[in-house]
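So you can see what is in the structure, the chains are spelled out below.
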Amino acid sequence: MARSDAFLIAHLLRRAGFGGSAAEIDSYVALGFEGAVDRLINYSSVDDSALDRIISDMRANNPVSTNEKRPEYGNPGLEVAIWLTRMLLTKRPLQEKMTLFWHGHFTSSIQDVKVAPLMYQQNALFRANALTTSFKDLTKAVARDPAMLIYLDNNTNRKGKPNENWARELMELFTLGIGNYTENDVKDAARSFTGWTVDRQGNFVFNPRQHDDDQKTVLGVTGNLDGDDVINLLLAHQAHPSFIAVRLFAFFVHDNPDRATVDKFADIYVKSGLNVRELLRRLLLSPEFRSEKSYNSLIKSPLEYVIGAMRSLSARYTDVRAWNAITGALRVMGQQIYAPPDVGGWPGNQSWINSTAYYSRANLADALVTVNSEATIDPREIAANALISTPEAAVDYFLSILLQGDVPPAYRSTLINYMGKPGTPQQWDGKLRGLVRLIMSSPIYQMN
């Protein structure tokens, strides 16, 4: 089936970002598909200074801490609101999408770390290395990240009393996957990371007195190994390229790629020198990304659902109170940023939808278009600016910006009947809000 340029670009912006407004989609369509991918990948050339100023104002206008007894804990709600604001307003959508990907891959949770500034520091690390040209460098940076060291208890990992949590998850969830290492590999890798800890100011330090300098054997290599040596060995293992290729393919394209597809992208990754930027560029330009199997094959995460709707409808939120309301809804839907459910991150895709989650999405759609809620979108204003004057035009316009018109004719007719008689956006206020709510609650809108 031939797809329009707008449909392809909307698909690209949903996967490589959080969707886009009609104007954003048009601007990327003008670049052509390859040009659009190039702009998304090479985001450092895109000016996002206006967003930086908004973030600075948010920090200036909100308390730095909300716990008088433990001021070092910072202001978690503010950090969440700032990241949501970035997702909503950024002109570098792939940078934020990859920041979210790394948050779900190299997982830490504020519920264990407790110190919001350290979670922000980790978030900034992921953003700065969103499309890293060296997964090895990123992994070594994560191994020194204070939030990660605290979350996986490596700050208590010392000679004679090794803590295996970080070493185990490094192998199982971050680099190789189960079945590609032994228990002895975990034990000796943990000894290699002894002395990697955090000082009282929350900085990474290496304490040589706590480090085990004896011989260790990891993946068949014996020596006085340290943490960097272990990371080098893991990333040289034959299982690693496929592990990363599958993770990125499943996040951006579709679930369950076949062996030949995995091998193809794993080979690209190896030949590029573990270059995530190059691997993702090839994924987005691949026939697999634009295949029928890819379109609407993934279920939107709660963040993709919420931020996608807000971007499509050109919402601009910077108020922490408004974000607090949305954060509560995201929590109910199963995605609380800075607090994934466990070290495995969010399972994703089909885990996002069940009867409770679907009901919660419908409730949030209602809240987003309800008058006088803390966070609201005004479909009446949107329709007035688009000079809409008929029920058919209203339905087609909102179907276009929310779903690129990709619905059966019968569904369109149902929405037109719902809108009723011709009128003006002012007269249709309640109907327009209901129209957006109905579209956001439809089964197709849950798909990405």
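The structure contained in this document is the topic of the report that follows.

The rules behind each value
Residues numbered from 1 in each chain as written. Predicted model: local features only at pLDDT ≥ 70, side-chain atom pairs only at ≥ 80, totals over all residues. Heavy atoms only, no water. Helix = DSSP H or I, 4+ residues; strand = E, 2+ residues; numbered from the N terminus. Buried < 20%, exposed > 50% of the residue type's maximum accessible area, 1.4 Å probe, protein only. Contact = heavy atoms within 4.5 Å. Areas by Shrake-Rupley, 256 points an atom, 1.4 Å probe, with all protein chains shown as cover. Core = buried A, V, L, I, M, F, W, Y, C linked by side-chain atoms within 4.5 Å. Expected span 1.5 Å × (residues − 1). Polar contact = N/O pair within 3.5 Å; in protein donor to acceptor, adjacent residues only side chain to side chain. Axes fitted to C-alpha atoms, helices over the stretch in contact; angles between N-to-C directions. Parallel < 35°, antiparallel > 145°, perpendicular 65-115°, else oblique. Left-handed = near helix turned anticlockwise from the far one by under 90°. Phe/Tyr/Trp six-rings, centres within 6.5 Å; stacked < 30°, edge-to-face > 60°. Salt bridge = Lys/Arg side-chain N within 4 Å of Asp/Glu carboxyl O. Nonpolar A, V, L, I, M, F, W, Y, C, P; charged D, E, K, R; others polar.

**Observations concerning the overall build of the protein chain**
Then step 1. Helix and strand counts for the protein chain stand at 23 helices and four strands.
Then step 2. Each of the three principal axes of the protein chain carries a C-alpha extent, and together these read 80 × 55 × 40 Å.
Then step 3. Put simply, the protein chain has 448 residues, and 55% of those count as buried.
Then step 4. Put simply, of all contacts in the protein chain between residues at least 6 apart along the chain, 72% involve residues at least 24 apart.
Then step 5. When the accessible surface of the protein chain is summed, it comes to about 18900 Å², and 50% of that surface belongs to carbon and sulfur atoms.

**Things to note about the environment of isoleucine 231**
Then step 1. Looking at the element boundaries, isoleucine 231 is found in helix H13 (residues 227-236).
Then step 2. Accessibility expressed as a relative area gives 1% for isoleucine 231, which makes it buried.
Then step 3. Expressed as a C-alpha distance, the spacing of isoleucine 231 and methionine 171, which sit 60 residues apart in the sequence, is 9.2 Å.

**Brief notes about helix H11 (residues 165-175)**
Then step 1. By the criterion of burial, H11 is predominantly enclosed, with eight of the eleven residues buried.
Then step 2. The set of residues buried in H11 consists of Trp166, Ala167, Glu169, Leu170, Met171, Leu173, Phe174 and Thr175.
Then step 3. Just downstream of H11, glycine 177 is the residue with a positive phi angle, here 95 degrees.

**Some details on the nonpolar core**
Then step 1. Core analysis: the largest hydrophobic core is formed by 144 residues, its most contacted members being Leu12, Leu94, Met98, Leu284, Tyr317 and Phe398.
Then step 2. Ranked by the residues each element gives to this core, the list is headed by helix H5 (residues 76-89), at nine residues.
Then step 3. Ignoring any residue separated from it by four or fewer positions in sequence, one finds leucine 94 in contact with Ala16, Leu40, Ile41, Leu131, Phe252, Leu280 and Leu284.

**A look at unusual backbone geometry**
Then step 1. Of note in this structure, leucine 219 is not a glycine but carries a positive phi near 50 degrees.
Then step 2. Here leucine 219 lies in the loop between strand S3 (216-218) and strand S4 (221-223).
Then step 3. Even without glycine at this site, leucine 387 takes up a positive phi of about 60 degrees.
Then step 4. Note on placement: leucine 387 falls in the loop between helix H20 (379-385) and helix H21 (391-403).

**Regarding helix H6 (residues 93-105)**
Note that an α-helix has 3.6 residues per turn; residues three or four places apart therefore point the same way.
Then step 1. The terminal C-alpha atoms of H6 lie 18 Å apart, and with 13 residues this matches the ideal 18 Å at 1.5 Å per residue to within 8%.
Then step 2. Counting buried positions along H6 gives 13 out of 13 residues, so the element sits mostly inside the fold.

**Concerning the side chain of serine 109**
Then step 1. As for its position among the elements, serine 109 is in the loop between H6 and helix H7 (110-113).
Then step 2. Of note is the side chain of serine 109, whose polar atom sits 3.1 Å from the backbone nitrogen of glutamine 111.
Then step 3. In this structure, serine 109 is in contact with Met119, Tyr151, Tyr338, Ala339 and Pro340, ignoring residues within four places of it in sequence.

**A few points about the packing of helix H9 (residues 135-143) against H13**
Then step 1. At their nearest, the axes of H9 and H13 sit 10 Å apart, and the two run at 140 degrees to each other. Viewed along their axes, H9 and H13 adopt a mutual orientation that is oblique. The crossing of H9 and H13 is right-handed. Where H9 approaches H13, its residues Phe135, Lys136, Thr139, Lys140 and Ala143 are matched on the opposing element by Asp228, Ile231, Asn232 and Leu235.

**Some points on the environment of aspartate 263**
Then step 1. Inspection of the secondary structure assignment puts aspartate 263 in helix H15 (residues 259-271).
Then step 2. With relative accessibility at 38%, the residue aspartate 263 sits in the partly exposed group.

**Structural notes on the packing of aromatic side chains**
Then step 1. According to the stated counting rule, one finds 18 aromatic pairs in the structure shown.
Then step 2. Ring centres of tryptophan 166 and phenylalanine 193 lie 5.9 Å apart, and the angle between their planes is 90 degrees; on these two criteria the pair is classed as edge-to-face. Here tryptophan 166, found in helix H11, pairs with phenylalanine 193, found in the loop between helix H12 (183-192) and strand S1 (196-198); they are 27 residues apart in sequence, far enough to count as distant.
Then step 3. You can call tryptophan 166 buried: its relative accessible area is 1%.
Then step 4. The exposure class of phenylalanine 193 is buried, given its relative accessible area of 0%.
Then step 5. Here the aromatic rings of tryptophan 196 and phenylalanine 204 are separated by 5.7 Å at their centres, their planes lie at 65 degrees, and the arrangement is edge-to-face.
Then step 6. Of the residues examined, tryptophan 196 reaches a relative accessible area of 4% and is grouped as buried.

**Digging into the pattern of salt bridges**
Then step 1. Summed over the entire model, instances satisfying the criterion amount to 24 salt bridges.
Then step 2. Of the charged contacts, one joins arginine 191 and aspartate 188 as a salt bridge, the two residues approaching to 3.2 Å between their closest N and O atoms. Of the two residues, arginine 191 and aspartate 188 both sit in helix H12, three residues apart, roughly one turn of that helix.
Then step 3. A residue is classified by how much of its surface remains accessible, and arginine 191, at 17% relative accessible area, is buried.

**Some thoughts on the packing of H11 against H13**
Then step 1. Orientation of H11 relative to H13, taken along the N-to-C sense of each, is 35 degrees, at an axis distance of 11 Å. In the packing of H11 onto H13, the handedness of the crossing is right-handed. Every residue of H13 that contacts H11 at Leu170, Met171 and Thr175 is listed here: Val230, Ile231, Leu234 and Leu235.
Then step 2. Tallied by class, the residues present in the contact of H11 with H13 amount to six nonpolar, one polar and no charged.

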